[in-house]
Amino acid sequence: MTVSALTPVPRARVSLRQRLQNALPKLVLAPSFLLILVFVYGFISWTFLLSLTSSKAFTNFHFIGWGNYLKLWTWTFERDPPSNWYTAIVNMGLFGGIYVVFCLSIGLGLAILLDQKIRGEGVLRPIYLYPLALSFIVTGTAWKLFLNPRIGLEKAMHDLGWTSFHFDWVVNPRMMIYCVAIAAIWASAGFIMALFLAGLRGIDGEILKAAQIDGASSFQTYRRIVIPMLRPVFLSAMIILINLALKSYDLVLSVTGNNPGGAAELPSTFMYSYTFTRDQMAVGSASAIIMMMTIAAVMIPYLYSELREKSR
Amino acid sequence: MKLRNFYLASAMAASALGLAVPAHAADVKQVQVLHWWTSGGEAAALATLKSYLAKEGYAWKDVPIAGGGGAAAMTTLKAMVAAGNPPTASQILGYYALDYAKAGKLNDLNVLATKEHWDKVIPKALQKFTTTNGKWDAIPINIHSVNWLWINKAVMDKIGGTEPKNFDEFIALLDKAKKAGVIPLALGGQPWQEGTMFDSVVMSTGGPAFYKKAFVDLDPTALKSATMKKAFDNLAKLRAYVDPNYAGRDWNLATAMVIKGDALVQVMGDWAKGEFTVAHKVAGKDFLCYRFPGTEGTVIYNTDMFAMFQVPADLRGAQLALADAVMSPAVQSAFNVIKGSVPARMDVPDTAFDMCGKKGIADVKKADAAGTFVGSMTQNYAQPPAIATAYTDVVTKFFHGEIKTSDAAVAELSKAIDAAK
């Protein structure tokens, strides 16, 4: 205080620098903020606007109110024969549920096993992580060929002598979506493992030692101490997985071979095909808005509860 | 969440910038052509056009967007046109051309058309897609027809089969193959392939007048008629002759099954011939081409066209040169010999073509004269994409058993088409 009182000129300089320093984060963030404002929120509003029009191949601004939503709403209940939208929603539930649950459990299981200070962890870890490096098109095509009864797994089993082996899910429209889930789990479980492994490494060894001294079995330690402590990792894993599940598109098309029988429809494929190839842009836009609302309905309460807990 | 948004935003920004690169004024002797002819045979066919243009002194700037059927290419085209930077020309199918013409995005080619009398040499049915209000704005390079059978001759000889003349004979032939232990029908279980086969089944079941009434006029009574129900029943009969692993198979893999002799026959458009050619198989000796039984004398067509977009005036010369090249008999012959289709011009000699090509050319001429030259529903030449995809939806759901009876299929077909209108 006294120094600044004696030398007023440097003080002004400091305050200028300080002001600049205060403004710097805003300046740096401004471009990305602007981009997000236009390209994310701007386009969301644009999509919403389109969903209220009668746009077909090209955009038009002939507003028809909620007609497109009404169409989707009636399709939601058309079960026999299933409408594309009905199939998409059911498949999303099946695929998303299986994908998230299995990725989390396999990822956590692998991480715990790898965390037992075993030899060769450095070799094993990248092996599990590697599938993520492949693009979904490659993953999907490989799994499609691998699961194909005529050339893949079933034939290999028959050649080995197990002739009663039967596995034709990938060519059975009703079971196809499970094959997509298998391929998707294979691709991302390793990544989830890496997340959990990082979380496990971050846990203070002292706590584990204390538990050991108190006589907790290793199962109890994991069940009561370690897994609850991994909660933030669960949060990020869930966000990533739900996001991946919702936007999986290339994987679906490559595993199923362009959606035979309309049985492998997902909201993402529905949205794309109605918007771009079926010339029903308005219906596609409406489905995109519904997708967004659905994910918001799931994610916002979850984020809210998790983040509030953290700040407390 | 934020991070993802940011990636999304930057990806979108990047793609917007990438597409908005303006054409350079210096490239007036250059044509920029968007297409999806990227597979071996297709690319070879396109090379004939490229070299013709090169001789005329025009450079070819390729904009290939892979993906058979062109869905991805159409999306890219939409973005390029919306950004005000259309290509000189784009490969285009059916109603997509009309959409762009209606939106005023296409250029008038009448200067060339009147001089070269295109209206005399191009089938009238095709001119519906190439002209808008009397103005030529797109040009067809070929005519594909979808009502073909592709048969492995060795297998055919082995089972002692003869050309089936109607649907019942076709079923009898398939039975023979089944008894001999070969897969009778090579099918790729994808919506468009099943739809393409059903186009032929409907033509075979109801004849050209019914086909036109149902698919071109969308007459509700025809769509709900007993004939349509019978067509679905016939389609259901064919289901008994495919192998269990057909779902999701690509069309060229199904063709390969016929080429290798694992299967007897494939119902597919004449682009399948390109696969036989690449495998060094000779028409008449290694494989046979017949019209789908009961459709002799009719041609269910689709055609590949180039739409000519509004370009700056200095690029107009190059665009006209491209149009002239596409429409030249030399290119039409050379291109189609490789592609497996037949020339869109009716005055191109058939000397360079094989047996199937010669038959194709003759059939198109006959069908055009008799008024039995009709557009393929599945390939967007009978109806716009919204309705055509509603149709393939119903066909594929029926073929895979999601729609259980032909009665339900007929009801569902009218409903789906109404909803898509």
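Small disclaimer: the values here were computed from a predicted structure and weren't measured.

Comments concerning the domain arrangement of chain B
Residues and elements named next belong to chain B.
Argument step 1. If you check the domain split of chain B, you get domain 1 (26-144 + 302-363) and domain 2 (148-189 + 242-297).
Argument step 2. Computed from C-alpha atoms alone, the centre-to-centre distance between domain 1 and domain 2 is 31 Å.
Argument step 3. Contacts between domain 1 and domain 2 engage 11 residues on the former and 10 residues on the latter.
Argument step 4. Where the side of domain 1 that touches domain 2 is concerned, the elements lending two or more residues are α2 (40-56) and α17 (355-370).
Argument step 5. For the side of domain 1 that touches domain 2, the element with the highest residue contribution is α17, accounting for four residues.
Argument step 6. In terms of residue class, the side of domain 1 that touches domain 2 is made up of two nonpolar, six polar and three charged.

So, the nonpolar core
Argument step 1. Core analysis: the largest hydrophobic core is formed by 188 residues, its most contacted members being V180 of chain A together with A307 of chain B.
Argument step 2. Ranked by residues supplied to this core, first place goes to helix α8 (residues 176-201) of chain A with 15 residues.
Argument step 3. Built from parts of two domains, this core gets at least three residues from each of domain 1 (26-144 + 302-363) and domain 2 (148-189 + 242-297) of chain B.
Argument step 4. Non-local contacts of A307 of chain B, meaning those with residues more than four positions away in its chain, are made with A89, S90, I92, A97, Y100, L106, D137 and A138 of chain B.

With respect to the sheet that holds strand β2 (residues 59-64) of chain B
Residues and elements named next belong to chain B.
Argument step 1. Within the open sheet, the five strands sit side by side as β2-β1-β3-β13-β6. Their pairing is mixed. Because the sheet does not close on itself, it has two edges, and the strands there are β2 and β6 (138-140). The average undirected angle you get between the axes of adjacent strands in this sheet is 25°.
Argument step 2. Pairing between strand β3 (residues 89-92) and strand β13 (residues 305-308): four bridges, direction antiparallel. The partner of S90 across the bridge, within β13, is A307.
Argument step 3. Of the strands in this sheet, β1 (30-35) and β3 are in contact with helix α3 (residues 71-82), which crosses β1 at around 130°.
Argument step 4. Sitting on the sheet, helix α15 (residues 316-326) touches β1, β3, β6 and β13, and the angle it makes with β1 is about 60°.

So, the sheet that holds strand β7 (residues 142-145) of chain B
All names here are of chain B.
Argument step 1. Spatially, the four strands line up as an open sheet ordered β14-β7-β12-β15, and their pairing is mixed. In the strand order of this sheet, the two ends are held by β14 (342-343) and β15 (373-375), each with one partner.
Argument step 2. When β7 meets strand β12 (residues 299-302), the two strands line up antiparallel, connected through two bridges. If you follow H144 over to β12, its bridge partner there is N302.

So, the confidence of the model for chain B
All names here are of chain B.
Argument step 1. Averaged over all residues, the pLDDT of chain B is 89; the fraction at 70 or higher stands at 93%.
Argument step 2. Counting interchain partners and residues more than four positions distant, the pLDDT-below-50 stretch residues 1-26 has 26 contacts.
Argument step 3. Across the whole predicted complex the pTM is 0.83, and at the interface the ipTM reaches 0.78.

Thresholds applied
- Residues numbered from 1 in each chain as written.
- Chains lettered and ligands numbered in written order.
- Predicted model: local features only at pLDDT ≥ 70, side-chain atom pairs only at ≥ 80, totals over all residues.
- Domains from an automatic or database assignment.
- Contact = placed C-beta atoms within 7 Å.
- Helix = DSSP H or I, 4+ residues; strand = E, 2+ residues; numbered from the N terminus.
- Nonpolar A, V, L, I, M, F, W, Y, C, P; charged D, E, K, R; others polar.
- Core = buried A, V, L, I, M, F, W, Y, C linked by C-beta atoms within 7 Å.
- Buried ≥ 20, exposed ≤ 12 C-beta atoms within 10 Å, placed from the backbone.
- Pairing = 2+ DSSP bridges.
- Axes fitted to C-alpha atoms, helices over the stretch in contact; angles between N-to-C directions.
- pLDDT = per-residue confidence, 0-100.

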